Amino acid sequence: MNFLYDLTATQPKGKIKFAGGEGYAEVVFFKILENINDMKAQGVSLFAAYTSRQFINPILLERAKNAGVHLIDIQNESPYEIFEKYKITRFYSALLSEFTHWNLDYCQTIATVHGLRGLEMPLDSFALKYAMPLKAKIKYWLNLHVPFFTARKSKGEYRGYSRFFDGKKRIVTVSWHSKASILSYFPKMKSEDIQVFASPSFDSLDKNIFEATDFSEISKTLNVLPKKYFLITSGARWMKNALRAILAFDSLFSDGRLSDMKVVITGVTDKSIFKKRIKHKEKFAMTGFVERDELEALNKNAYCFVFPTLNEGFGYPPVEAMKYATPSICSGTASMPEVCGLAALYFNPYSVSEIKNRIIQTMLPEIYRSLCNNAIVQYKKISQMQRQDLQNLVKYLFSETGAEI
């Protein structure tokens, strides 16, 4: 078997340095490398394609080279040429991009579809409050307010997803929510044609790659104390909905609540989006994208993790907080109840007042203790499932018949 792994799936898109889909693609590839000797013994030749025009994790490239993986730069060889030249018999992408035109009909193709966010998530006027080029704002406004453009966008999204669900490709998804969504929007799909493997984290690997860094430097830089701040991530992406949560906190500060607490927001590329809409600027510590070991330290020392996302196929961030018994409040939408169980309080992500309510609940000692205890239990349950499902996913990718694991 000549197996081609799509490493472009691990590479960041645009200004977003770290995202769940890219992390998923890295973890799966690292797991394959852990098993590569067994695969070579079974006659598997592993190829991996990336683009030199974008950042790629240097640890990933180093380990791939050491393992003898044939690395291909698609700037030198086109995606169409690669299949012919290397006689690829199976292709896998953990996150197919419309910007990389793989020939999906050349050989057996397996794709992970994390979710149908474009179909599930309603358009949101709050998106216009985030930094966008003027042309993009106009286009989004038209999609939001003009029925003709709204319908055209919906049809375009549907056509975009349809290429995955033609009955010829093997589909993997990351939650039972996402599988049900695929079956709902694409009724011709059969349940047995969609495999569910929980989205793995770096902790699912046999060899640990990231550990929490020393918090003291972060504490000085952001001017926050351990367990005296709430944590919000992905501040740059409007669909992660940080603005509504920030407005909820600002309102609570105005009410005289949370006097000794602060809020840390990571992944912020334009602070003015938030600062021009809040009164208590001194209570918010905003920073750009942080390295994974820094994020581990922030999760470990946070009082509570806040995840107001509008849609998730799986939803890593609360699980990463649970690892340190840090409780979460998060959206009650999409896959979040499936992933977080009793370790989170849920809210309507479109309701600032409901987010406020859940924040207040975390300050009640009896509720907070319960959430902390539940976080430990849920993390053990989810992390065990992630580890087992990651092993099963790799078996599935290289199985002869593609039979269900």
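All residue numbers here refer to positions counted from 1 along the written sequence of the relevant chain. Per-residue local features are limited, in this predicted model, to residues with pLDDT of at least 70; the limit for side-chain atom pairs, both in listing and counting, is 80 or more; totals at the level of whole chains, interfaces and linings are taken over all residues. Each side-chain value is worked out from all heavy atoms of the structure, with water and hydrogens disregarded.

**Q** Would you take a moment to explain the environment of Glu 296 for this structure?
**A** One can find Glu 296 in helix H12 (residues 292–301). When its relative accessible area of 13% is taken as the criterion, Glu 296 is described as buried. The sequence separation of Glu 296 and Phe 210 amounts to 86 residues, and the corresponding C-alpha distance is 8.0 Å. For Glu 296, the residues in contact, after removing those within four places along its chain, are Glu 211, Ala 212, Lys 323 and Tyr 324. Only DSSP runs of H or I with at least four residues qualify as helices, and only runs of E with at least two residues qualify as strands; both kinds are numbered from the N terminus onward. Buried residues are those whose accessible area, probed at 1.4 Å on protein chains only, stays under 20% of the maximum for their type, while exposed residues exceed 50% and partly exposed ones sit between those limits. Two residues form a contact once any of their heavy atoms are found within 4.5 Å.

**Q** How should the pattern of salt bridges be read in this particular structure?
**A** Any carboxyl oxygen of Asp or Glu that lies within 4 Å of a side-chain nitrogen of Lys or Arg is treated as forming a salt bridge with it. This structure, assessed with the given rule, holds 15 salt bridges. Between Asp 206 and Arg 387 there is a salt bridge; the shortest N-O distance is 3.3 Å. Pair noted here: Asp 206 is in the loop between strand S7 (194–196) and helix H9 (215–222) and Arg 387 is in helix H16 (residues 365–398), with a separation of 181 residues, a long-range link. Within the structure, one salt-bridge network assembled from shared partners comprises Lys 31, Glu 34, Asp 206 and Arg 387.

**Q** Just checking my understanding: could you explain the nonpolar core for this structure?
**A** One broad rule of soluble globular proteins: the nonpolar side chains tend to lie buried together. With 68 residues, the main nonpolar core has Tyr 5, Phe 29 and Tyr 92 as its most contacted residues. Not counting residues within four places of it along the chain, the set of residues in contact with Tyr 5 comprises Ala 25, Val 28, Phe 29, Ile 32, Phe 47, Ala 48, Ala 49, Tyr 92 and Ala 94. We call a set of buried Ala, Val, Leu, Ile, Met, Phe, Trp, Tyr and Cys residues a nonpolar core when their side-chain atoms join them within 4.5 Å.

**Q** So what exactly am I meant to see when it comes to the side chain of His 280 here?
**A** You can see His 280 is positioned in the loop between helix H11 (272–275) and strand S10 (284–286). In the analysis that follows, any N or O atom pair within 3.5 Å is treated as a polar contact, provided that within protein one partner can donate a hydrogen and the other can accept it, and provided that, for residues neighboring in sequence, both atoms belong to side chains. In terms of polar contacts, His 280 uses its side chain to reach the side chain of Ser 254, at 2.8 Å. With residues near it in sequence (within four places) discarded, His 280 still touches Asp 250, Phe 253 and Ser 254.

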